[in-house]
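Residue-level structural notes
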Amino acid sequence: LCTFSRICKEKGIEDAILAVNKCNENAGKEIFTLDLYGQVDVNYIQTFEDMQKEFNKSIKYVGLVDADKSTSVLKDYDILLFPTFWSGEGFPGTLMDALFSGLPVLATDWRYNFDILEEGKTGIKVNVNDVDVMVEKLMYYYNNQQELYEMKRECVASAKQYLPDNVMEKVISYMLESK
């Protein structure tokens, strides 16, 4: 598992860590690891450094990834965790990176997340700060990995609608209809 966003409380980093730890605790062994990617928010540096001292071997901060390498990094994961509740969340580019990487996303039902993702096809929906449901859904997909692999195919298929030619076709069509 991975996160791929700014590192701060409002991006759900603490919920992601807690969910992974609970899954592993419930299983009695390490069934998930979590790699955290992203810039640590300046107001969160001390908190995050303190948290890192408590990380077990399942959790690690990996740092930053160049924008042109995001899909090559993300393609190797099974699920991206995006439990955001950041009030400034707009159209999250990390969801585009995930789709183009064939990476299903466990995301909060927040702002535009499920305008981009489709529940059960490209995304796994949870409510904000609902770690227990995150754990439940992660365990479900751990035990039903074939469904997860089907979701990976759906992600790649869904990403095609965001290719520049397809987007421009829609924009031009909209502009012509508006006249």
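The present account deals with the structure reproduced in this document. (Residues numbered from 1 in each chain as written. Predicted model: local features only at pLDDT ≥ 70, side-chain atom pairs only at ≥ 80, totals over all residues. Heavy atoms only, no water.)

**What to know about the side chain of Thr 108**
With respect to the helices and strands, Thr 108 occurs in strand 5 (residues 105-108). Judged by relative accessible area, which is 0%, Thr 108 ranks as buried. A distance of 2.5 Å separates the side chain of Thr 108 from the backbone oxygen of Thr 84, its partner in a polar contact. Look past the residues within four positions of Thr 108 in its chain and what remains in contact with it is Phe 82, Pro 83, Thr 84, Asn 113, Phe 114, Val 126, Asn 127 and Val 128. (Helix = DSSP H or I, 4+ residues; strand = E, 2+ residues; numbered from the N terminus. Buried < 20%, exposed > 50% of the residue type's maximum accessible area, 1.4 Å probe, protein only. Polar contact = N/O pair within 3.5 Å; in protein donor to acceptor, adjacent residues only side chain to side chain. Contact = heavy atoms within 4.5 Å.)

**Describing the packing of helix 1 (residues 13-27) against helix 6 (residues 131-143)**
Running from N to C, helix 1 and helix 6 point in directions that differ by 55°, and their axes come no closer than 9 Å. Taken together, the axes of helix 1 and helix 6 are oblique relative to one another. When you trace helix 1 past helix 6, the crossing you get is right-handed. Every residue of helix 6 that contacts helix 1 at Asp 15, Ala 16, Leu 18, Ala 19, Lys 22, Cys 23 and Asn 26 is listed here: Val 131, Asp 132, Met 134, Val 135, Leu 138 and Met 139. Residue composition of the contact of helix 1 with helix 6, by class: 9 nonpolar, 1 polar and 3 charged. (Axes fitted to C-alpha atoms, helices over the stretch in contact; angles between N-to-C directions. Parallel < 35°, antiparallel > 145°, perpendicular 65-115°, else oblique. Left-handed = near helix turned anticlockwise from the far one by under 90°. Nonpolar A, V, L, I, M, F, W, Y, C, P; charged D, E, K, R; others polar.)

**Here we look at unusual backbone geometry**
Positive phi outside glycine occurs at Arg 111, with the angle close to 45°. Among the structural elements, Arg 111 can be located in the loop between strand 5 and helix 5 (113-116). With relative accessibility at 46%, the residue Arg 111 sits in the partly exposed group. You will see that Asn 129, though not glycine, has its phi angle at about 60°, which is positive. Take Asn 129: it is sitting in the loop between strand 6 (123-126) and helix 6.

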